[in-house]
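Breakdown of the fold
Each chain is listed here by its residues.
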Amino acid sequence: MSNTETSPDEMVCGADAPAGLQVLTPRDVPLGGPRAMTVRRTLPQRERSLVGAWCFLDHYGPDDVSETGGMDVPPHPHTGLQTVSWLFSGTVEHRDSAGFHADVRPGELNLMTSGRGISHSERSTADTTVLHGAQLWVALPQHARFVEKTFEHYAPPTVDGRTAEGAWSAQVFLGSLLGSTSPVVTHTPLLGAELRLERGTVLEVDVDPTFEHGVLVDTGAVLADTDPVAKDELGYLAPGRDRITLRATEDSRVLLIGGPPFGEQIVMWWNFVGRSHDDVVEYRAAWQAEIDGKQAGEGSDGPFGLPEGDPEAPLPAPALPNARIRPRG
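First things first, this report covers the structure right here in the doc. (Residues numbered from 1 in each chain as written. Predicted model: local features only at pLDDT ≥ 70, side-chain atom pairs only at ≥ 80, totals over all residues. Heavy atoms only, no water.)

Looking at the overall build of the protein chain
Within the protein chain, the secondary structure is distributed over two helices and 27 strands. Here the C-alpha atoms of the protein chain give a radius of gyration of 19 Å, agreeing with the 20 Å that 2.2 N^0.38 yields for 329 residues. Taking the principal axes of its C-alpha atoms as reference, the protein chain extends roughly 65 × 45 × 35 Å. The proportion of buried residues among the 329 residues of the protein chain is 57%. Long-range contacts, defined here as pairs at least 24 residues apart, represent 72% of the contacts in the protein chain between residues at least 6 apart. Taken together, the 26 basic and 46 acidic charged side chains of the protein chain have centroids lying 3 Å from each other. (Helix = DSSP H or I, 4+ residues; strand = E, 2+ residues; numbered from the N terminus. Rg over C-alpha atoms; globule rule 2.2 N^0.38 Å. Buried < 20%, exposed > 50% of the residue type's maximum accessible area, 1.4 Å probe, protein only. Contact = heavy atoms within 4.5 Å. Lys, Arg positive; Asp, Glu negative; His and termini not counted. Charge placed at Lys NZ, Arg CZ, Asp CG, Glu CD.)

What about the pattern of salt bridges?
As enumerated under the stated definition, the model contains 16 salt bridges in all. Arg145 is paired through a salt bridge with Asp279; the nearest N and O atoms lie 3.2 Å apart. Residue Arg145 is found in the loop between strand S12 (130–139) and strand S13 (150–154), and its partner Asp279 is found in helix H2 (residues 277–291); the two are separated by 134 residues along the sequence. Here Arg145 and Asp279 have matching classes, each one buried. Notably, a salt bridge pairs Arg241 with Asp225, separated by 3.3 Å at the nearest N-O pair. Of this pair, Arg241 sits in the loop between strand S23 (234–237) and strand S24 (243–248) while Asp225 sits in the loop between strand S21 (222–224) and strand S22 (227–229); the two residues are 16 residues apart in sequence, bridging distant segments of the chain. The network of salt bridges with shared partners includes Asp72, Arg123, Asp310 and Glu312. (Salt bridge = Lys/Arg side-chain N within 4 Å of Asp/Glu carboxyl O.)

Notes on the nonpolar core
With 35 residues, the main nonpolar core has Trp54, Cys55, Val84, Leu109, Phe173, Leu174 and Ile266 as its most contacted residues. Elements that contribute at least two residues to this core include exactly strand S5 (54–64), strand S7 (81–89), strand S10 (109–113), S12, strand S15 (167–174), S23, strand S25 (252–259) and strand S26 (266–269). It is S12 that provides the largest number of residues to this core, a total of five residues. For Phe173, the residues in contact, after removing those within four places along its chain, are Trp54, Val84, Trp86, Leu109, Tyr154, Pro156, Ser182, Val184, Gly192, Ala193, Glu194 and Leu255. Within the second largest apolar cluster, 23 residues are counted, among which are Ala170, Leu191, Val217 and Leu237. (Core = buried A, V, L, I, M, F, W, Y, C linked by side-chain atoms within 4.5 Å.)

As for the packing of aromatic side chains
Overall, the coordinates contain nine aromatic pairs when judged by the stated rule. Between Trp269 and Trp270, the ring centres sit 6.4 Å apart and the planes meet at 55°, which makes this aromatic pair tilted. For the pair Trp269 and Trp270, a shared accessibility class is recorded, and that class is buried. Of the aromatic side chains, those joined through ring pairs into one cluster are Trp269, Trp270, Phe272, Tyr283, Trp287 and Phe304. Between Arg48 and the ring centre of Tyr236, over which it is positioned, the NZ or CZ distance is 3.6 Å. Looking at Arg253, its charged tip hangs above the ring of Phe88, at a distance of 4.2 Å from the centre. (Phe/Tyr/Trp six-rings, centres within 6.5 Å; stacked < 30°, edge-to-face > 60°. Lys NZ or Arg CZ within 6 Å of the ring centre and 35° of its normal.)

Topic: the pairing of S26
Burial along S26 is two-sided: the residues Ile266 and Met268 and Val267 and Trp269 are all buried. Inspection of the sheet shows S26 paired to strand S27 (residues 272–274) by three bridges, in the antiparallel sense. Residue pairing in the sheet places Trp269 in a bridge with Phe272 of S27. The antiparallel pairing of S26 with S27 creates a hairpin that spans two residues between the two strands, and Trp270 there sits at a positive phi of about 55°. (Pairing = 2+ DSSP bridges.)

Quick look at the sheet that holds strand S3 (residues 27–30)
On the basis of which strands lie adjacent, the open sheet formed by seven strands has the order S3-S4-S5-S12-S7-S10-S13 and antiparallel pairing. The strands lining the two open edges of the sheet, one partner per strand, are S3 and S13. In this sheet, neighbouring strand axes are inclined to one another by 20° on average, regardless of whether the strands run parallel or antiparallel. Judged from the eight bridges that link them, S5 and S12 form a sheet pairing that is antiparallel. (Axes fitted to C-alpha atoms, helices over the stretch in contact; angles between N-to-C directions.)

Focus: H2
For H2, which comprises 15 residues, the first-to-last C-alpha distance of 22 Å matches the rise-based estimate of 21 Å (1.5 Å per residue) to within 8%. Those residues of H2 that fall on the buried side of the exposure criterion are His277, Asp279, Val280, Tyr283, Arg284, Trp287, Glu290 and Ile291. Here the buried residues of H2 occupy an arc of 160° about the axis, which is enough to place them on one side. Pointing more than 90 degrees away from the buried face of H2 are the exposed residues Glu282 and Ala289. Looking at the packing, one finds that the buried side of H2 touches strand S6 (72–78), strand S11 (118–124), S26 and S27. Two residues or fewer after H2 comes Gly293, characterised by a positive phi angle close to 80°. (Expected span 1.5 Å × (residues − 1). Arc of directions from axis to C-beta.)

Structural data, given as structure tokens:
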């Protein structure tokens, strides 16, 4: 997914101070014109920019596509990251400049690695009536920033069980949890899972104590350990615990993400992840030069490339701000 804001913030993201439970409330961001689909952006925020290598989280829906127009994001670039698409309902068509053309469906992971540069488009399909899901980005560490662009698909099995209080089920799309392990390769240790809990269920989840974790509540409400996290909120839990207890106060669905503190400072602007302001300037200039004069459906052999046969012309980058990035305290 593209960050289609016309004046996106420049953000320097690094090692955040350890904390106990921290609740992050999202802000609404429109993804287009007057009938724009609106997403709830939970990461990054000034209060917290990273959870492990997870550096971006948009949560959207359920949206009636007949009213919002659904998702329609023309070709746009990425650098220095992996995109993680996870749907609860609807279907999104993905095309990228690595030559992959795939549908994103509920309960299936689509992971795109940008490396030094990729472009892709995303559109909800004609048969989608309700669109609901999450798009996340993972920052690539220094040693993997310039890997080859690629794409992976994985449909994780559902694992389930009961506690004394009720039933639960889970799909683990990255990392390991509850006896299920994803085969998808990442460049830093990561956890990504969807958990569904009946009202009243208390689920104790063994986790890696070196990880920090985020609990995004999609539906319902939970207590993360003893603290409440409401619908659409992200609860942050610092490293040092080997177990997280989730208590569902309503029928609930959550995404549990995690990873060890990233340990590197990154700069995010628009759809680029780099290490400095100068990186961003370079990426933007390269993208603008590559798409100059390009029409819908045209390809490119430039550093980003363009999805072959896409029905729309590529998105130009917004204007850069006047000031250089200044690290936040």
